[in-house]
Amino acid sequence: MCGIVGYIGTKDSKEILLKGLEKLEYRGYDSAGIAVMNGNGVHVFKEKGRIANLRTSVDTEVLANTGIGHTRWATHGVPSRVNAHPHQSTSSRFTLVHNGVIENYDLLKREYLKDVSLISDTDTEVIVELLELFVGEGLKVEEAFRKTLTLLKGSYALALLDDQNNETIFVAKNKSPLLIGLGEGFNVVASDAMAMIQVTNQFVELTDKEIVIVQKDSVTIKNLSGETIS
């Protein structure tokens, strides 16, 4: 099974994400990765194998208050560094982690992405490339995210970074568990409360087909039509 963590706040996110992933090791996984974002863009670190391997590849000099992480159990493509999450769009503007299975990813790839060179074997890369495509066509990021989600058939829990907005993590779910953890001056994302119980014991359980705009001081939940849910 796969696991997701995310953090946005005032502290350096790397160790919080790594500890969160370690809490999810009981689920089983074949690779792991984190992406952290600061004023110099998004920095991605991922490795095949154990989180201990990932730790050795993380640049301790990179400081970032926002980040997402993932443990992967291979469904599409063999266990490898290339197939490990997070996945990035062609321009590297968007970075995504994903739990679940997109049943129509091959159809979406043929219909929308025939001119895009994908580097992995995953269904996840199709999601992040669709998002970049729709932003390139003129949609705002949140609009492009919603449009992408309406095209997906299957299950997903998603956490997304946009390197042009280091104050937000975009989150969504359908048929895969995902929680938002609430804190003072920070908020977190987790597929299992165990991952982030180290930093908060207050969690909001999301329902299917909700989009969440997570910032360090606020959490906004919307439906796929863009209407805010209280």
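Please refer to the structure placed before this passage.
Here goes a summary of the coordinates provided.

Procedures and definitions
- Residues numbered from 1 in each chain as written.
- Predicted model: local features only at pLDDT ≥ 70, side-chain atom pairs only at ≥ 80, totals over all residues.
- Heavy atoms only, no water.
- Buried < 20%, exposed > 50% of the residue type's maximum accessible area, 1.4 Å probe, protein only.
- Helix = DSSP H or I, 4+ residues; strand = E, 2+ residues; numbered from the N terminus.
- Contact = heavy atoms within 4.5 Å.
- Polar contact = N/O pair within 3.5 Å; in protein donor to acceptor, adjacent residues only side chain to side chain.
- Salt bridge = Lys/Arg side-chain N within 4 Å of Asp/Glu carboxyl O.
- Pairing = 2+ DSSP bridges.
- Axes fitted to C-alpha atoms, helices over the stretch in contact; angles between N-to-C directions.

Quick notes on helix H5 (residues 141-151)
- Of all the positions in H5, only Val-141, Glu-142, Ala-144, Phe-145, Arg-146, Thr-148 and Leu-149 are classed as buried.
- On the buried face of H5, the contacting elements are strand E6 (94-99), helix H4 (123-136), strand E7 (156-162), strand E8 (165-174), strand E12 (210-215) and strand E13 (218-223).

Regarding the side chain of His-70
- Turning to its location among the elements, His-70 is positioned in strand E4 (residues 66-72).
- Within polar-contact distance, the side chain of His-70 engages the backbone oxygen of His-98 at 2.9 Å.
- With near-sequence residues (within four places) excluded, His-70 lies in contact with Cys-2, Gly-3, Ile-4, Leu-21, Ser-31, Ala-32, Gly-33, His-85, Val-97, His-98 and Asn-99.

Some points on the pattern of salt bridges
- This model, assessed by the stated rule, comprises 11 salt bridges.
- Where Arg-55 meets Glu-22, a salt bridge forms, and the shortest distance between an N and an O atom there is 2.8 Å. In this pair, Arg-55 is assigned in helix H2 (residues 51-57) and Glu-22 in helix H1 (residues 13-23), connecting sequence segments 33 residues apart.
- Here Arg-55 falls in the partly exposed class, since its relative accessible area comes to 29%.

Digging into the sheet that holds strand E10 (residues 187-190)
- Pairing is antiparallel in the open sheet, where seven strands are placed in the order E3-E2-E4-E1-E10-E9-E11. A strand with exactly one partner marks an edge of an open sheet, and here the two such strands are strand E3 (41-48) and strand E11 (203-205). Adjacent strand axes in the sheet meet at a mean angle of 15° when their direction is disregarded.
- With three bridges connecting them, strand E9 (residues 179-182) and E11 associate as antiparallel partners. Within the sheet, the bridge partner assigned to Gly-181 lies in E11 and is Phe-203.
- Here H1 sits on the sheet in contact with strand E1 (3-8), strand E2 (31-38) and E4, set at roughly 155° to E2.

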